[in-house]
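# Fold and geometry: a report
The residues making up each chain are set out below.
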Amino acid sequence: MKKLKYEKPIINKIKAGVPDKYGMQPKIVVKSEIDGIPVKEIVEKYGSPVFVISEKTLRDTFQQANRAFQSRYPKVQFAWSYKTNYLDAVCRLYHEEGSWAEVVSGFEYDKALSNGVPGNKIIFNGPDKTDEDLKKAIENGSFIHIDHFDELYSLIRISQNSKEKAKVAIRVNMDTGIYPKWDRFGFNYENGEAWKAINRIMLAENLELVGLHTHIGTYMMTATAYAVAASKLAELAVRTNKKFKHTIKYIDMGGGFASKNTLKGAYLPGKDTCPTFDDYAEAITSAIINSEIAPDQLPTLFLETGRALIDDAGYLIGSVLANKRLSNARRAKILDIGVNILFTSFWYEHEVYPAEETSQQTEDTTLYGPLCMNIDIIRESIQFPALKKGDLVVIPRIGAYNMTQWMQFITYRPNVVLIDQNKKMHLIRKQENLKVFKEQEVIPDFLLNKTPLKD
Amino acid sequence: MNKERLKIAVTGLNNTDNPGPGIPVIRGLRESDKIDPRIIGLAYENLEPGIYMKNLVDKTYQIPYPKIGSDIFLERIEYINDNEKLDVIIPNLDAELYTFIKAEKKLSTLGIHTFLPTLEQFEERSKSNLYEFGQKYGVKVPFSKSITSFLDIKNLVYAFDFPVLVKGKFYDAYLAYNLDQVAGYYNKLSSKWGLPVIVQEFIRGTEVNVVALGDGKGNTIAAVPMRKQYITDKGKAWGGITIQDENLLKITRDLIRKTKWRGAMELEIIKTSAGQYYLIEINPRIPAWVYLAVAAGQNIPEALVLLALGRKIEPFKSYEVGKMFIRYSYDMIGDISQFEQLSMNGEL
Amino acid sequence: MKLKSNIAISENGFMFDPYTGDSYNLNSTGVEIIKHLKAGKTNEEILAELKRKYDADDLILEQNLYDFITMLSHYELLDNE
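Moving on, we get to the interface of chain A and chain C. With 22 residues of chain A in contact, the opposing surface of chain C contributes 28 residues. Both sides of the chain A and chain C interface together cover about 2400 Å² of buried area, and 59% of this is carbon and sulfur. Looking at the side of chain A facing chain C, the largest losses of area belong to Tyr6, Ile11 and Lys13 of chain A, adding up to 31% of the total buried there. Linking chain A with chain C are four salt bridges, by the criterion used here. Here Lys13 of chain A makes a salt bridge to Asp22 of chain C, at a shortest N to O gap of 3.2 Å. Linking chain A with chain C are 15 residue pairs in polar contact (both at pLDDT 80 or more). Looking at the side of chain A that touches chain C, the elements with two or more residues in it are strand E1 (4-5) and strand E2 (11-14) of chain A. When residues of the side of chain A that touches chain C are assigned to their parent elements, the largest contribution, four residues, is made by E2 of chain A. Within the side of chain A that touches chain C, the residues separate by chemical class into nine nonpolar, three polar and ten charged. As paired strands, E1 of chain A and strand E5 (residues 54-55) of chain C are joined by two bridges and run parallel to one another.

Written as structure tokens, this is what we have:
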């Protein structure tokens, strides 16, 4: 007799009030391949967990964003935000698409140079630039975005002895009607600090004020705040022009565009509420065009958006280590994906999909990571089908920040694979191994050549 | 007159002690002399009383919460439409409006009409933007602040005198007399409705409400003011009476003219003893007490359906003052077999 | 372990516990196990039945069955003898 296909037995309590019925339940979405390559095949070749970057999604998203701005404004320049994802292969893809580099440390600066980015196509941001960094940036003709007065005076001092004029911009913070206000970076607009800084720069012999920069916050769910910010920067540009007859060459609107992830605490999912590139572009470009800046002096518009460009191109594949019942009979699964490599699970309700067809029944489930720590929770509560040990799961939309903010803890950070547009896989960052860590460590002589626990 | 057969889907069947507007809306439609409706109930929860009111609701489908994402939500609406061929949907709950407004085009390609505010109107009047809204349109609004983090709470003492109202993004409001209470309500409201939580200056006075309907071109089609006579411990009206207050009607008409409001709205207004009117909230939908307006002579649900279908209608000119509603509860009898059918098939 | 008597289950998987007023939904395998329990079969007999019928690893069938029984006990659907 032929045996029947088996489905794990499930019993769910029907809660009066809560919709958890079959008629209601959405079909379980299965993510069995990425850009045409079976998830299973990726894991067979590169292990689990494994990060995957899709070249196609990366380029498509960039081109979408680029089109949204180019079609509304004559001069647009994107700069890839290194901190969002500074794997060399990723950076080079953006540079190929025409993006400059936006860096916030000496390390990122050197990385950009090593990726072949000319110095005069690097924007140097952030509060942490050493004198050495500044010297190098001046020599290379990079754009230095000044964060505070200490940095401004360092630059005045350093530039006095340099042959080149330093090309600088100031970072401006301001009230755009959103909370929290990011007033810890740059010079404040409302209290006049930004104007003071501009005046001081204009007096400095070896500083050339080329741009104005702002970065109003992160994960901005409303495009209108950008319109407020753009008009305030435009106002500063006009004022500078009036007083000094000096034209500001660019306005840098920074980043902070939201991706379609759902923030914890949000009622509606991010993919429904997140503004589109067109929304952001419309707000920013119309604010600049409608400002008092003369049409023949329109500044170039720089954009440093990171998250919204790369998030969708990144996937994290993992597998189920174990199924558990908690003391209150709640279903829990332990995955081999921990918060140390999926940092963003602290603020997103990440979507998690099985990689193979499963039964249509789900249970309210908690997804834990493998770390021996209580905070290691990927999803507190998700309607999830029954998977067995070894089954694969896919977490989409994780391309931003996870591959830079990840922590090495307990075990090695995994492989990162790029799927190119011809559906070919390339290893772009190797899984770490013991040798990598041994190389960084130094054992003092007095502890060498001793084996205290051996008989 | 021959009544027009229309298939109308209605949400908000939760006719509990904190009632949704669905059942009152349906009563208005049932009493229309222009429309002969087939009423399709759309229910989120399996014990919404309207599901079991067979004399009012012809058939009910369960729908998933909008939280699940608009693609899945609309898939369900499409399925229902395949069965029922809907003419109009009247969404009645704040938390679903965003999704319905965004889906307006998609619904209209399915042949389903809605009559909702635009996204701009919806966002502009949201609780967190109400203060700016008041300044823009020249209406007095109590001072308020949106808070998005627990850390903001201790700074409230610089901006407010106690007590203050603490409000959820979509629903619920509590009066807090000190920071500890604010913190408690903040946690409660943010976990239920997300962020921000709104803290609002508390204005003493009489609460008066207006239910109104704008045609989207600046005209006020209907407007009926009401004073709550008795309020339950949940802050909901238990009894109310239509009143004659030209100032309220003027505020309403002005707002609808300036905003070109489209669809139904409820204005919540506090009238102080000094005769000042403070707008404390705009609900961008029909309120649960709308049946009082129907009884007073302005069948707002009917008018809304006709506007949704693109019909020209004349504004209501008057309403009866002194009409009252007295809310009551009533135990219907259901059976586990009904519950089973709804739970297993999602339809009843 | 025995299922409490009077527990009503429909073919569509709807189960009603008249003692508590709670209701449940079950998938087809769940319904099948409940029917076996109602017929008074022991866990071992049920497991043997499942092994005979389904194309699945024996140990997985065992693990799933005991997990399911745990849930029945958690929901207090079993008589504790």
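That shown, we press on.
Phe69, Ile170, Met253 and Ile284 of chain A are the most contacted members of the largest nonpolar core, which totals 109 residues. Examining the composition of this core, we find that nine residues originate from one element, helix H8 (residues 224-244) of chain A, more than from any other. Here this core gathers at least three residues from each of two domains, domain 1 (33-52 + 313-438) and domain 2 (54-311) of chain A. In contact with Ile170 of chain A, other than residues within four places in its own chain, are Ile146, Phe187, Ala194, Ala197, Ile198, Ile201, Leu209, Gly211, Leu212 and His213 of chain A. Ranked by size, the runner-up nonpolar core spans 72 residues in total, among them Phe133, Ala296, Ile300 and Leu348 of chain B.

Moving on, we get to the sheet that holds strand E13 (residues 277-283) of chain B. Residues and elements named next belong to chain B. With respect to topology, six strands assemble into an open sheet ordered E13-E12-E9-E10-E11-E14, the strand pairing being antiparallel. Both outer strands of the open sheet, E13 and strand E14 (324-326), are each paired with one neighbouring strand and no more. Neighbour to neighbour, the strand axes of the sheet diverge by 25° on average, direction disregarded. Bridging between strand E9 (residues 206-215) and strand E12 (residues 262-271) involves ten bridges; their strand directions are antiparallel.

With five residues of chain B in contact, the opposing surface of chain C contributes seven residues. Together, the buried faces of chain B and chain C total about 510 Å²; carbon and sulfur atoms form 70% of this surface. A per-residue breakdown of the area chain B buries against chain C is headed by Ile336, Glu340 and Met344 of chain B, which together make up 84% of the total. One can count zero salt bridges joining chain B with chain C. The interface formed by chain B and chain C contains two residue pairs in polar contact (both at pLDDT 80 or more). In terms of residue class, the side of chain B that touches chain C is built from three nonpolar, one polar and one charged.

Moving on: the side chain of Glu55 of chain A. Residue and element names in this part refer to chain A. Looking at the element boundaries, Glu55 is found in helix H2 (residues 55-70). In terms of polar contacts, Glu55 uses its side chain to reach the side chain of Arg59, at 2.7 Å. Among residues more than four places away in sequence, those in contact with Glu55 are Asp35, Leu93, Leu418, Ile419, Asp420 and Gln421.

Residue and element names in this part refer to chain A. In terms of burial, strand E18 (residues 362-368) is a largely internal element, five of the seven residues being buried. Of the strand pairs in this sheet, strand E16 (residues 331-335) and E18 are connected by four bridges, and their pairing is parallel. Considered in E18, the bridge of Arg331 is made with Thr365. Bridging between E18 and strand E19 (residues 377-385) involves six bridges; their strand directions are antiparallel.

Now for the side chain of Asn81 of chain B. Mapped onto the secondary structure, Asn81 of chain B falls in helix H2 (residues 70-84). Contact partners of Asn81 of chain B, with chain neighbours within four places excluded, come to Leu86, Leu110 and Ile112 of chain B.

Definitions and limits used
Residues numbered from 1 in each chain as written. Chains lettered and ligands numbered in written order. Predicted model: local features only at pLDDT ≥ 70, side-chain atom pairs only at ≥ 80, totals over all residues. Heavy atoms only, no water. Contact = heavy atoms within 4.5 Å. Buried area = accessible area lost by both parts, 1.4 Å probe. Salt bridge = Lys/Arg side-chain N within 4 Å of Asp/Glu carboxyl O. Polar contact = N/O pair within 3.5 Å; in protein donor to acceptor, adjacent residues only side chain to side chain. Helix = DSSP H or I, 4+ residues; strand = E, 2+ residues; numbered from the N terminus. Nonpolar A, V, L, I, M, F, W, Y, C, P; charged D, E, K, R; others polar. Pairing = 2+ DSSP bridges. Core = buried A, V, L, I, M, F, W, Y, C linked by side-chain atoms within 4.5 Å. Buried < 20%, exposed > 50% of the residue type's maximum accessible area, 1.4 Å probe, protein only. Domains from an automatic or database assignment. Axes fitted to C-alpha atoms, helices over the stretch in contact; angles between N-to-C directions.

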